[in-house]
Each structure stands twice: as C-alpha cells, then as structure tokens.
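A structural walkthrough
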Amino acid sequence: MNKGVIKDMKEDTKDNIKEEIKNNEIVKNGEAAANVAKNMPDDEYLYDLADLFRIFGDTTRIRILYSLFDNELCVGDISNILGMSQSSVSHQLRILKDSKLVKFRRDGKSIFYSLDDDHVRSILNLGMEHLEE
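Residues numbered from 1 in each chain as written. Predicted model: local features only at pLDDT ≥ 70, side-chain atom pairs only at ≥ 80, totals over all residues. Heavy atoms only, no water.

1. Things to note about the nonpolar core
One finds Ile64, Leu65, Leu68, Ile78, Leu93 and Val102 to be the most contacted residues of the largest nonpolar core, which totals 21 residues. Of all the secondary structure elements, the ones that give two or more residues to this core are α4 (59-67), α5 (75-82), α6 (86-98), β3 (110-115) and α7 (118-132). Per element, the largest residue contribution to this core is 4 residues, and it comes from α6. Beyond its immediate chain neighbours, meaning those up to four positions away, Ile64 contacts Ile78, Leu82, Val89, Gln92, Leu93 and Leu96. (Core = buried A, V, L, I, M, F, W, Y, C linked by side-chain atoms within 4.5 Å. Buried < 20%, exposed > 50% of the residue type's maximum accessible area, 1.4 Å probe, protein only. Helix = DSSP H or I, 4+ residues; strand = E, 2+ residues; numbered from the N terminus. Contact = heavy atoms within 4.5 Å.)

2. Quick look at the pairing of β3
As paired elements, strand β1 (residues 73-74) and β3 share 2 bridges and run antiparallel to each other. Among the inter-strand pairings, Cys74 is bridged to a residue of β3, identified as Phe112. (Pairing = 2+ DSSP bridges.)

3. Quick look at a nonpolar patch on the surface
Taken together, the side chains of Val36, Met40, Tyr45, Leu46, Leu49 and Phe53 present a nonpolar region at the surface, about 580 Å² in accessible area. In terms of residues, the nonpolar patch owes the most to one element, helix α3 (residues 43-55), which gives 4 residues. Along the polypeptide, Met40 turns up in the loop between α2 (30-39) and α3. (Patch = residues over 30% accessible without salt bridge, like charges linked within 9 Å, V, L, I, M, F, W, Y side chains within 5 Å. Areas by Shrake-Rupley, 256 points an atom, 1.4 Å probe, with all protein chains shown as cover. Salt bridge = Lys/Arg side-chain N within 4 Å of Asp/Glu carboxyl O.)

Okay, structure coming up:
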C-alpha cells in the first residue's frame, strides 16, 4: 500500500474514533482521547520506532554499545573485552551499523567503531537512570 492510501485510511480511522468518542458516554475525557487520536504518529513511523527498540532488546548489542560508550574500538578489541568471537561481534556490529547506532572509520586495514552520535549515549543513559529509580 502506498503512503497516501495509508494516510487516508488513518485519517478516516481518526475521524471514526472522534465520532465514536462523541457518541460514547462512557468516555470520561473525550476531548483528550480525540486529541491523542489526532496526534498519533503514522503507523510506519511507530513500526520504525519499535524496530529501534528491538535492537536495544539484545544483551550482546547492549554490551557492544557500552564498550563503545567512550571509546573507539576495532572488532578484535571488542571481542576480547566481551569474550566473544570476532565473527559474532562483526555480525552484531553490522546490525548496529544498519540501525545507525554505530559508525565506523577505516585506518589502513583496520576498521574502528564508535557510537554514531550523542543520541545513542542519551538512550543508554536514560535506560540506566530508569533502572536505578
């Protein structure tokens, strides 16, 4: 389905929800519910967000991200730190790179990995803060 059709379907759904909310006496805050429905991001955007969080749902990838938190490292260094094979680390780094969570730079024959940007650090920090509450 193209994005225009999905958007039209979503608008129709939002209109139906607003109408149902108006006609439903059980709803205690119909205006708020209608506002939420109106401002809900597109499903495609929410799927992408869910995929991003899925990447963070793997302990190995979290360990790799933490090893890169303040350091630029090559695959060999990461595999030694985590006690994993270079093949396993490379596989996970590819997933992290495809998700734009890590970046790399080439220096001769060596490839060094680091966190893609401060957003990744922020996500990790917020996750740790949440766990410590």
